[in-house]
Amino acid sequence: MRKVALSLFVLWTLTLAGCQSNAAKVKQLQDQYNAEYPAYAKDCMDPVTAGSSALLTGEKLTPEQIAALEAKKKERDARCKPEADRLAQIQKELLPHSSSAVLL
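Residues numbered from 1 in each chain as written. Predicted model: local features only at pLDDT ≥ 70, side-chain atom pairs only at ≥ 80, totals over all residues. Heavy atoms only, no water.

J.: An account of the state of the cysteines is requested, with residue identities and associated values reported.
T.: The full count for this structure, using the stated rule, is 1 disulfide. The partner cysteine of cysteine 44 in its disulfide is cysteine 80, sulfur to sulfur 1.8 Å. Looking down the S-S bond of the cysteine 44 and cysteine 80 bridge, the torsion is -85 degrees, so its handedness is left-handed. Of this pair, cysteine 44 sits in helix H1 (residues 2-44) while cysteine 80 sits in helix H4 (residues 63-98), and the two are 36 residues apart along the sequence. Here cysteine 44 and cysteine 80 have matching classes, each one buried. (Disulfide = S-S within 2.5 Å. Helix = DSSP H or I, 4+ residues; strand = E, 2+ residues; numbered from the N terminus. Buried < 20%, exposed > 50% of the residue type's maximum accessible area, 1.4 Å probe, protein only.)

Okay, here's the thing in C-alpha cells:
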C-alpha cells in the first residue's frame, strides 16, 4: 500500500511540476510577444508609417506617387517579414498551451 501511495505521490508531483513549467513557458512567451508586438505594429502596420494614409483619405495620387508607395511597401515588407515570422512563431508556440493556460 505504501508503494502505491508513494508512486501516486511521485506521479502527482511530476505532473504538478510539468504544469508549473508549462505555465512559466506560456507566461514567458506571452511577455515576449507583448513586448515585441507594439513596435512591429507601429513600424509595419500603422497606416501613417506604412504610407497608405493618403489612400485611406481618398486623396488622388499620381502614378509616380503610387510607384513610390509600392516601392516603400516592398521595402517595408522585406524589412518586416522576419519580425512578422518571429511573432507568428511565438503565437504558434502559444496555441497548444492556450487550452491549459490561465488568462494573463
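J.: How would you sum up the pattern of salt bridges? Please name residues and give values.
T.: Applying the stated criterion across every chain yields a total of 7 salt bridges. Among the salt bridges present, the one from aspartate 77 reaches arginine 76, with a minimum N-O distance of 4.0 Å. The exposure class assigned to aspartate 77 is partly exposed, which follows from its relative accessible area of 35%. Here lysine 81 makes a salt bridge to aspartate 85, at a shortest N to O gap of 2.9 Å. In this pair, lysine 81 and aspartate 85 are both assigned in helix H4, 4 residues apart and thus about one turn of the helix distant. Its relative accessible area of 49% is what places lysine 81 among the partly exposed residues. Counted as one network, the salt bridges with shared partners bring together Glu36, Glu83 and Arg86. (Salt bridge = Lys/Arg side-chain N within 4 Å of Asp/Glu carboxyl O.)

J.: Let's hear about the packing of aromatic side chains: which residues, and what values?
T.: For the structure shown, the criterion picks out 2 aromatic pairs. Relative to tyrosine 37, the ring of tyrosine 33 has its centre 5.5 Å away and its plane inclined at 15 degrees; by these criteria the two rings are stacked. Of this pair, tyrosine 33 and tyrosine 37 are both found in helix H1, 4 residues apart, which corresponds to roughly one turn of the helix. A relative accessible area of 15% places tyrosine 33 in the buried class. Their ring planes at 50 degrees and their centres at 6.0 Å tell us that tyrosine 37 and tyrosine 40 sit as a pair that is tilted. (Phe/Tyr/Trp six-rings, centres within 6.5 Å; stacked < 30°, edge-to-face > 60°.)

J.: Requested: an account of the nonpolar core, with residues and values cited.
T.: By size, the foremost hydrophobic cluster in this structure holds 9 residues: Val26, Leu29, Tyr33, Tyr40, Cys44, Cys80, Leu87, Ile90 and Leu94. Put simply, the parts of the chain that give this core at least two residues each are H1 and H4. In terms of residue count, the dominant contributor to this core is H1 (5 residues). Not counting the four nearest positions on each side in its chain, leucine 94 is found in contact with Val26, Leu29 and Gln30. (Core = buried A, V, L, I, M, F, W, Y, C linked by side-chain atoms within 4.5 Å. Contact = heavy atoms within 4.5 Å.)

J.: Lay out the environment of glutamate 83 with the relevant residues and their values.
T.: Along the chain, glutamate 83 falls in helix H4. For glutamate 83, a relative accessible area of 24% translates into the label partly exposed. Sequence spacing of glutamate 83 and alanine 39 is 44 residues, and the spatial spacing of their C-alpha atoms is 10.0 Å. Sequence-distant contacts of glutamate 83, defined by excluding residues within four places in its chain, comprise Glu36 and Tyr40.

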